[in-house]
Every structure is written in structure tokens, then in C-alpha cells.
Amino acid sequence: MPPTKQIFPRVLAAVSAGAPVFSERTMIYSVRAFACAILMLCGAAVTHAEEVSANNLPPESAPILNSVIEDARQSATQAYQTDDHELSDALKEMKYQTYRAIRFKADKSLWRGQNPYEVQFFHPGFLYQQPVTIYTIGADNQPARLPFARDAFRYDGDAAPMAAETSDENGYAGFRVHFPIKNQQYKDEFAVFLGASYFRLIGKEHVYGISARGLAIDTGLPEGEEFPHFTKFWLIEPRDGEPMMIYARLESPSVSGAYKFVITPGDETSVTVQSWLFAREDVNKLGIAPFTSMFLYGENTAVVPDDYRPEVHDSDGVAMITDSGEQIWRVLTNPSQLQITSMSDSAPQGFGVLQRDTDFGSYLDGEANYHLRPGLWVTPQAGFAQGRLEVVEIPTKSETHDNIVAYWVPEEPFLAGESRYFAYQLETVTGARESELATVVRTRQGATVLPGEKPQQSHTRRFALDFAVPEGMRIAPDMLNLTITTSQGQIQQARVFPIAGGKLLRATFLLTPQGNLPADMRLYIHQENQRVSEVWNYVYHAK
């Protein structure tokens, strides 16, 4: 079972407290006057959202998927309803330790001994009070409902009475998929669908960290976030050499949807996602290809907890390649107050939330293994017209709390009665993605005086950024220059020079912020008027 983490369901507490929220490169404002803003204007022509039509519907040779889409379309014309699958109160009120004592029997896996892929299921109850209905589709191409089977689970210790509380109508909380990635003797778990619209992917050498979601709605808005749920899944038994294919239905008070996932496990696991969405109510903010992750503290954190571990995070930054090819690295923080930032573009080439630092020495955690956490990268294929990549950072004091959310927000509103189609490739990433530019590998900050010297009286901070020089790039140190901007405050003593035998470029500068206002900074390195690095982006709050 993947580790249970407490995902922040909403940012309402921070919002109601009047925590400031701001958007990069534009303005700082309060959530009590919440408004959408942008990081940059890329100058691209406005493109329109893609509606569900014959251009993106499956062919007639896929009747089941077409029926799933049509069911979603019809559902959006009706009132939203939830289904607890007749779960008893005892299952709903189950404690964490009791739930952990219920274990799926591996020999009861779906397709056991019949297929390289196997599927295991999660027991309903505890946090999972809206179970899903599972259908299987075999060679006859006929869906068959999979009833809940209590004999597929072990009920140990205090969980023993829970067996009698179940029925075949209960459904399952979710499922996980196995495939022999490392060797033919063992089938590795590589995908999990569990809770709301959350799912996780890992590659050959990864451990679970960041989560993906089917859809995010109204994240960070004062009225609270709406959480869509997957309600039904169709598991298509793969033929030899084929990837795993899954259909899904999604429901929420505002949206009904149909999804197709084609998952290919491997060194890096990838999934092609198609979604057909129908609005039953107006949606204030639609979040496409959402990520949920955790950042407690890192090398960029000024004051770290009293902990032997130097860093604790599932992800250390958000990356984006714009339509024009600009490559941006937005370093994550654990802010003292709710923080929402965004980067505007039209038809971006890709974006993701990454764990670039894969050095065990950066974490020294032999249990959580943060150096083995994957990043996730989205390559848009359809529907990503004018919009913005939004990043939500929520204050947290515990690594058990997911406090980072990122997603694409289309500029065009999604109104009741309308439809939208989106398609993208989602893949795990180990470390940094390959680039022809120098990429950020380290962000540090500190006082402007050395230890033992007279303490500084100002809020001025020294920043030191290290960029890895790609193989084959020729550096002329005398020709290097920095371009650096800040939304407020003063930048001084900016310079750049090679270190580590020319393998790294170090950029340093002093920032004197203006009072307690956050400074939204951008920096990149150029040589002879040619940009040679990605854009480093950081938001600094004076303490």
C-alpha cells in the first residue's frame, strides 16, 4: 500500500484569515479581492478552447468508450448525486490502524497467472467513503462488473469484525497495477488510483511521492475547493506487448467527465490522458493536469527545523517551456502564508513539477528516500489554448501534509452546458530533464556578512544560484552577463562566474526588499547577447 499522506483538501483556513496571495510579475493582492493575474504576456495570438465534437470523439470501433462519454454528457444535465455503495457506519468510521490491518491477498489479483499485468484492490471505508465501481473488459469486449469480494482480503487483529460489515455492493476504494519492470520474477507496482481523482505513477527506480489528479476545481478560491471523484473504472485486459488501458467516469457538483488512460510502465512510466468534460454548473476555475506534492524545507530555506536531514521535499520546483521556447524553473518554497502564483502562455510546449535533486546526500533519509521521488511532466496535445500554469503553495509544518498544487487554467470560462476536450502525455521524470541550456541545480540564500562579523542591520539577503553547464557548451567567462529583475526591492552586486572546473556557473546578487512585500525575481545568464541558461524564478518574503 502506498504511504498515506494528508492532502490539504482546501485552503479555506488560510483564505478566511486574509492571507495574502499574489501572482508573479504583476501585482500583490489580498484573497479578499481575489482576481486572476499572470506572470508574463508571451504575445501569442489567443486560441480557443476545444469543445467535445466529432473531431475528438473515439471512432465507432470503440463503443464502450463512446458510451462512457455519452453517460458523462447525460449526467451533466442532471443534478449531482453521490453514492456510498451502501457502506456501513462501521466501515466509514474505521480508524487508521484498523484500516491498515486490512490487506489484499496477492493471489486474488485480477488476471493472476493469465497476464503480465495484475491488478490489486483497496478496501472501502476509513477516508474512502465514496467507493468506485470496477468493470473488467476481456477478449470478448464485454464489460463485466467486478463485485466486492471480502475473501480477497485479510482482516487482521482489530480489523476482524470489519469483514462482516461488507457486501458485494460496496465496491472498492481504488486499485493498483503491477507489471514486471525490473525482472520477470516479480511484478512491480507502478500505478495507483486511490481517493477522489488522485493517481500516482512511478518508474523502475522510483518510490511514491508526487500525485497527479484527473481534475482540480476552484483550488485556492475563498469559497473552498471542489474535489471531483472518479466513480467508475473499466479495466481493459491488455494483449501481449500492449500497455494498460483504463476508462473512467468522473463526477463533481460542477462537472461530469469521461477519461481514457493508456499507461506504459518502464524506466520512466508514461500515460496518455484524454478527457471529455461537461459542465453542469459554471466553473470559477478549472484546473487541468493537476499535480499535488510536498515541500517542507530545502537548500533555499533560510531557517530549517532542528532535523538531521538537510532537506525534506517530494519536489523542489516547477518547470515550464513556453510556446516560444523559453524555459523557466520556478523554485518551490514553504511560505509563511498562502501563496498563489502563475505563468501565462498559449499552447505551452510542456510543464511539470520535478524533484531535480536526486542526491541521497541532500536528504540523508534512508526511509522516505526523497532522492528516489519522481517528477511528473505534461506534454500538451489538445485543448491547452490561452491560459496559465498556476502554482499554489500552502504553509505546512509536517512532511505528512501535501502542500503544493499546480495545474493549467484555461483562460476561457467553463460555463454550464458547455463541453471541453483535453489530451496530454504525462510521464515520470528522474531528476532534471535534458536541456541544451544551463539548468539550475542549487538555490541558496544567506546573510550578507560572514559568521562572527558584526550582524547586519538591514534585511538584505545574498543569493547564490548554481547552473549546471550542459556537455558541449563552450563558456567564455569574460563574456558572461546576468539579466535580473525583481517586482520590488533593490538588486545589487549581481555577477556570474564559472566554478567546479567550469562544470557550474554561479550567479550571485544582493536583494534588499521593500519592507515586508514579497519580491518576485527572474534571472538568466547570457553570453555575447545569447541566452545560455534557463530562467530562474523565485518569490522571496522578508521575515
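Below or above, wherever it landed, is the structure these notes cover. Model, not experiment: these values are computed from the prediction.

Section: the pairing of strand S35 (residues 519-527)
Consecutive residues of a regular strand have side chains that alternate between opposite faces of the sheet.
Reasoning step 1: The element S35 is largely enclosed, with a buried count of 9 among its 9 residues.
Reasoning step 2: With 7 bridges connecting them, strand S32 (residues 480-486) and S35 associate as antiparallel partners. Its bridge partner being in S35, Leu480 is matched across the sheet by Gln527.
Reasoning step 3: Pairing of S35 with strand S37 (residues 535-540), which is carried by 5 bridges, proceeds in the antiparallel orientation. Its bridge partner being in S37, Met521 is matched across the sheet by Tyr538.
Reasoning step 4: Of the strand pairs in this sheet, S35 and strand S36 (residues 530-531) are connected by 2 bridges, and their pairing is antiparallel. Bridge pairing in S36 places Gln527 opposite Gln530.

Digging into the nonpolar core
Across soluble globular proteins, nonpolar side chains show a tendency to be buried alongside one another.
Reasoning step 1: Phe175, Phe233, Leu235, Phe261, Ile263, Ile288 and Leu426 are the most contacted members of the largest nonpolar core, which has 85 residues in total.
Reasoning step 2: Looking at this core, the element that brings in the most residues is strand S10 (residues 186-194), giving 5 residues.
Reasoning step 3: Excluding residues that lie within four positions of it along the chain, Ile263 makes contacts with Tyr117, Phe190, Ala191, Phe193, Leu201, Pro243, Met244, Ile246, Thr269, Ser270 and Val271.

A few points about the pattern of salt bridges
Reasoning step 1: The full count for this structure, using the stated rule, is 24 salt bridges.
Reasoning step 2: Between Arg309 and Glu399 there is a salt bridge, with the nearest N and O atoms lying 2.7 Å from each other. Note that Arg309 is positioned in the loop between strand S19 (295-297) and strand S20 (312-313) and Glu399 in the loop between strand S26 (386-393) and strand S27 (401-402), a separation of 90 residues in sequence.
Reasoning step 3: When its relative accessible area of 23% is taken as the criterion, Glu399 is described as partly exposed.

Concerning the sheet that holds strand S33 (residues 490-499)
Reasoning step 1: Taken in spatial order, the 4 strands line up as S30-S31-S34-S33 in an open sheet, and their pairing is antiparallel. Whereas interior strands pair on both sides, the edge strands pair on one side only; in this sheet they are strand S30 (439-446) and S33. Mean inter-strand twist for the sheet, computed between neighbouring axes without regard to direction, equals 15°.
Reasoning step 2: Pairing geometry for S30 and strand S31 (residues 461-468), over 7 bridges, is antiparallel. When the sheet's bridge partners are listed, Gln445 is paired in S31 with Phe463.

Concerning a nonpolar patch on the surface
Reasoning step 1: There is a patch of nonpolar side chains on the surface, built from Tyr308, Phe360 and Leu364 and spanning about 320 Å² of accessible area.
Reasoning step 2: By secondary structure assignment, the location of Leu364 is in the loop between strand S24 (350-354) and strand S25 (375-382).
Reasoning step 3: By relative accessible area, which is 37% here, Leu364 ends up partly exposed.

Topic: the packing of aromatic side chains
Reasoning step 1: Using the criterion set out here, one finds 38 aromatic pairs in the structure.
Reasoning step 2: Measuring from ring centre to ring centre gives 6.2 Å for Tyr117 and Phe190, while their planes differ by 65°; the resulting arrangement is edge-to-face. One end of the pair, Tyr117, is in the loop between strand S4 (102-104) and strand S5 (118-122); the other, Phe190, is in strand S10, and 73 residues separate them in sequence. Here Tyr117 and Phe190 have matching classes, each one buried.
Reasoning step 3: Grouped by ring-pair contacts, the aromatic residues Phe175, Phe193, Phe199, Phe230, Phe233, Tyr259 and Phe261 constitute a single cluster.
Reasoning step 4: In this arrangement the basic side chain of Arg433 is found over the ring face of Trp377, its NZ or CZ atom lying 4.0 Å from the centre.

Some thoughts on the pairing of strand S11 (residues 198-201)
Reasoning step 1: A two-sided burial pattern is seen for S11, the buried positions comprising Tyr198 and Arg200 on one face and Phe199 and Leu201 on the other.
Reasoning step 2: Of the strand pairs in this sheet, S10 and S11 are connected by 3 bridges, and their pairing is antiparallel. Directly across from Val192, in S11, lies its bridge partner Arg200.
Reasoning step 3: Joining the antiparallel neighbours S10 and S11 is a turn of 3 residues, in which Gly195 adopts a positive phi near 90°.
Reasoning step 4: Examined bridge by bridge, S11 and strand S12 (residues 211-213) share 2 bridges and lie antiparallel to one another. Its bridge partner lying in S12, Tyr198 is registered against Arg213.

A look at the environment of Ile491
Reasoning step 1: Relative to the assigned elements, Ile491 resides in strand S33.
Reasoning step 2: For Ile491, the contacting residues outside a window of four places in its chain are Ile484, Thr486, Phe509, Leu510, Leu511 and Met521.

Let's talk about the side chain of Ser533
Reasoning step 1: Within the secondary structure layout, Ser533 lies in the loop between S36 and S37.
Reasoning step 2: Look at Ser533 and you get buried, because its relative accessible area is 0%.
Reasoning step 3: Separated by 2.8 Å, the side chain of Ser533 and the backbone nitrogen of Ile525 make a polar contact.
Reasoning step 4: What Ser533 contacts, discounting residues up to four positions off in sequence, is Leu437, Ala438, Phe467, Tyr524 and Ile525.

So, helix H2 (residues 63-75)
Reasoning step 1: Over its 13 residues, H2 runs 18 Å from end to end, which matches the ideal 18 Å to within 8%, given 1.5 Å per residue.
Reasoning step 2: Turning to H2, its buried residues are Ile64, Leu65, Val68, Ile69, Ala72 and Ser75. Projected down its long axis, H2 carries its buried residues within an arc of 140°, all on one side.
Reasoning step 3: Where H2 is buried, its residues touch strand S6 (133-137), strand S7 (143-145), strand S14 (229-236), strand S15 (244-251), strand S16 (255-264) and strand S17 (270-279).

Some thoughts on unusual backbone geometry
Reasoning step 1: Although it is not a glycine, Asn369 adopts a positive phi angle of roughly 50°.
Reasoning step 2: Look at Asn369 and you get buried, because its relative accessible area is 19%.
Reasoning step 3: Unlike most non-glycine residues, Asn529 shows phi in positive territory, near 65°.
Reasoning step 4: Following the sequence through the fold, Asn529 ends up in the loop between S35 and S36.
Reasoning step 5: A relative accessible area of 80% places Asn529 in the exposed class.

Examining the side chain of Thr508
Reasoning step 1: Take Thr508: it is sitting in strand S34 (residues 504-512).
Reasoning step 2: Thr508 sits in the buried class, given a relative accessible area of 8%.
Reasoning step 3: Those residues in contact with Thr508, other than ones at most four positions away along the chain, are Phe463, Ala464, Leu482, Gln493, Ala494, Arg495 and Phe497.

Things to note about the environment of Leu146
Reasoning step 1: Mapped onto the fold, Leu146 is located in the loop between S7 and strand S8 (153-155).
Reasoning step 2: Looking at Leu146, the relative accessible area reads 21%, which means it is partly exposed.
Reasoning step 3: The sequence separation of Leu146 and Met521 amounts to 375 residues, and the corresponding C-alpha distance is 53 Å.
Reasoning step 4: Those residues within four positions of Leu146 in sequence are excluded, and the remaining contacts are Phe121, Ile134, Tyr135 and Tyr172.

Rules behind the numbers
- Residues numbered from 1 in each chain as written.
- Predicted model: local features only at pLDDT ≥ 70, side-chain atom pairs only at ≥ 80, totals over all residues.
- Heavy atoms only, no water.
- Buried < 20%, exposed > 50% of the residue type's maximum accessible area, 1.4 Å probe, protein only.
- Helix = DSSP H or I, 4+ residues; strand = E, 2+ residues; numbered from the N terminus.
- Pairing = 2+ DSSP bridges.
- Core = buried A, V, L, I, M, F, W, Y, C linked by side-chain atoms within 4.5 Å.
- Contact = heavy atoms within 4.5 Å.
- Salt bridge = Lys/Arg side-chain N within 4 Å of Asp/Glu carboxyl O.
- Axes fitted to C-alpha atoms, helices over the stretch in contact; angles between N-to-C directions.
- Patch = residues over 30% accessible without salt bridge, like charges linked within 9 Å, V, L, I, M, F, W, Y side chains within 5 Å.
- Areas by Shrake-Rupley, 256 points an atom, 1.4 Å probe, with all protein chains shown as cover.
- Phe/Tyr/Trp six-rings, centres within 6.5 Å; stacked < 30°, edge-to-face > 60°.
- Lys NZ or Arg CZ within 6 Å of the ring centre and 35° of its normal.
- Polar contact = N/O pair within 3.5 Å; in protein donor to acceptor, adjacent residues only side chain to side chain.
- Expected span 1.5 Å × (residues − 1).
- Arc of directions from axis to C-beta.

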